[in-house]
Amino acid sequence: MRCSGCYKENIEGYCLNCRKKLFDGKRVPHILSFKAPQNENLKEYQEQTKRLSISGVQLKYSLRLDDKSLAMTDKGGQYILKPIPPSLIAYPDQAPENEHLTMQIAEQVYKIDTAANALIYFEDRQPAYLTKRFDVKADGSKYLQEDFAQLSGKQKKTHGENYKYNGTYENIGLLIQKYVAASYPAMEVFFRNVFFNYLFSNGDAHLKNFSLIQTDSGDYRLTPAYDLMCTLIHSPGETDTALDLFDGDTDTKHYQTYGHYGYPDFMELAKRISIIEARAKRIIIEMTSQSGKVINMISNSLLSTEIKAKYLHYYEDKVRRINVV
Ligand SMILES: [Zn+2]
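Residues numbered from 1 in each chain as written. Predicted model: local features only at pLDDT ≥ 70, side-chain atom pairs only at ≥ 80, totals over all residues. Heavy atoms only, no water.

Q: Explanation requested: the coordination of the zinc ion in the structure shown.
A: In ideal tetrahedral geometry, four donors around a metal make angles of 109.5 degrees, whereas ideal octahedral geometry with six donors gives angles of 90 or 180 degrees. Around the zinc ion, the protein contributes the donor atoms Cys3 (SG), Cys6 (SG), Cys15 (SG) and Cys18 (SG), at 2.3 Å from the metal centre. For the zinc ion, the four donor atoms are set out with angles of 103 to 116° between them, so the coordination reads as tetrahedral. Each donor residue of the zinc ion belongs to the same chain, with the gaps between them written as C-x2-C-x8-C-x2-C. Of this pair, Cys3 sits in the segment before α1 (16-23) while Cys15 sits in the segment before α1; the two residues are twelve residues apart in sequence, bridging distant segments of the chain. The buried category is assigned to Cys15, whose relative accessible area is 3%. (Donors = N, O, S within 2.8 Å, 3.2 Å for Na, K, Ca; no water. Tetrahedral: all angles 85-135°; square planar, octahedral: opposite > 155°, others 65-115°. Helix = DSSP H or I, 4+ residues; strand = E, 2+ residues; numbered from the N terminus. Buried < 20%, exposed > 50% of the residue type's maximum accessible area, 1.4 Å probe, protein only.)

Put into structure tokens, the structure is as follows:
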């Protein structure tokens, strides 16, 4: 048995470290005391999303920690629960563990600040992805949080159904420069996240999947990373990135030659958001030199054998693209 949070060996349920991160140290079981909710309103979801992204079909539920057990709640939610999504996408049963694994790789291998997360099971043993909300304070009140759709003034009413895909990563970077006081470190964190999403084939990192949050001192900082997963497994026809890197990014020499982003494209993004060239280079080299650890994490995961192979193949493919300079 491995910890259902961090994959630590010989742990039934959650290890102490994961219990601290997720449940203030409480012994919360990794099996919920209720069954998976029935998927309702599926038609509505399908109609809402023209672009069949995983975020468009994934249902989310709100949970609250009562004493030592998690319960569904309408208000005062401290956790978000994502069960197996409806079968509008490929391999839906693999989605909870895909997100859990990708978040754990981000945290453990790439040292990316991530929302606390774990795999959890319903009473009938169906898996779900569990994540703790970082915008909720201990007393139940909330920190002010704004995503980059809000920060860039994009909404359905003015920019249509696909408003959250209307922008570039350069745009987000420039908004970070504008709103975050210590903007240089935040910019490198953001760049690492964008590059991570490329390496792990997360084609759904849209404007709402990056946010700023107000700290107790009133400053804004980037939130921990959330919603990281290899979306290519579930949406095989999806583009490599949800947003363009920058305006005109497909006109670059590298893109024109190879038909996809490579090292020069990410270096160009880095330049446009004022990341020091040598630093950007170091980040890219460091992030593409972690294959051993990544392979180990994939093999310890609960993905099916078939999906483990796909997950690794997509990752190795992206690393290879970057190494073609
Ligand atoms: Zn653990």
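Q: It is not clear to me how the packing of aromatic side chains should be interpreted in this structure. Could you clarify?
A: Aromatic rings considered in pairs are described by the distance between their centres and by the relative angle of their planes. One pass over the full model with this rule turns up 17 aromatic pairs. Seen in terms of ring centroids, Phe196 and Phe200 are 4.4 Å apart; in terms of plane orientation they differ by 25°. Their pairing is stacked. The lysine or arginine in question, Lys137, covers the ring of Tyr143, its NZ or CZ lying 4.8 Å from the ring centre. A cation sits over an aromatic face here: Lys318 above Tyr198, 5.5 Å from the ring centre. (Phe/Tyr/Trp six-rings, centres within 6.5 Å; stacked < 30°, edge-to-face > 60°. Lys NZ or Arg CZ within 6 Å of the ring centre and 35° of its normal.)

Q: Even after reading the chapter, I still don't get unusual backbone geometry, so can you show me in this structure?
A: Glycine aside, a negative phi is what most residues show, and trans is what most peptide bonds show. Within the chain, Asn10 stands out as a residue other than glycine whose phi angle is a positive 55°. For Asn10, the position within the fold is in the segment before α1. For Lys111, which is not glycine, the phi torsion reads 55° and is therefore positive. The residue Lys111 is located in the loop between α4 (95-108) and β4 (117-121) in this model. Given a relative accessible area of 66%, Lys111 falls into the exposed group.

Q: I tried to follow the packing of helix α8 (residues 183-199) against helix α10 (residues 263-272) on my own but got confused; where do I start?
A: In helix packing, the relevant descriptors are the interaxial angle and the interaxial distance, both defined with respect to the helix axes. Remark: α8 packs on α10, axes separated minimally by 11 Å, with the N-to-C direction vectors making an angle of 160°. Judged on the interaxial angle alone, α10 and α8 are roughly antiparallel. Helix-helix and strand crossings are classified by hand; for α8 and α10 the assignment is right-handed. Taking contact as the criterion, the partners of Phe191, Val194, Phe195 and Tyr198 in α8 are, on α10, Phe266, Leu269 and Ala270. In terms of residue class, the contact of α8 with α10 is made up of seven nonpolar, no polar and no charged. (Axes fitted to C-alpha atoms, helices over the stretch in contact; angles between N-to-C directions. Parallel < 35°, antiparallel > 145°, perpendicular 65-115°, else oblique. Left-handed = near helix turned anticlockwise from the far one by under 90°. Contact = heavy atoms within 4.5 Å. Nonpolar A, V, L, I, M, F, W, Y, C, P; charged D, E, K, R; others polar.)

Q: What am I meant to see in the packing of α8 against helix α13 (residues 305-323) here?
A: Look at α8 against α13: their axes get within 8 Å of each other, and the N-to-C directions meet at 120°. Comparing their axes, α13 and α8 come out oblique. Contact with α8, carried on its side by Phe195, Tyr198 and Leu199, involves Tyr314, Tyr315, Lys318, Val319, Arg321 and Ile322 of α13 and no other residues of that element. Its residues assigned to classes, the contact of α8 with α13 shows seven nonpolar, no polar and two charged.

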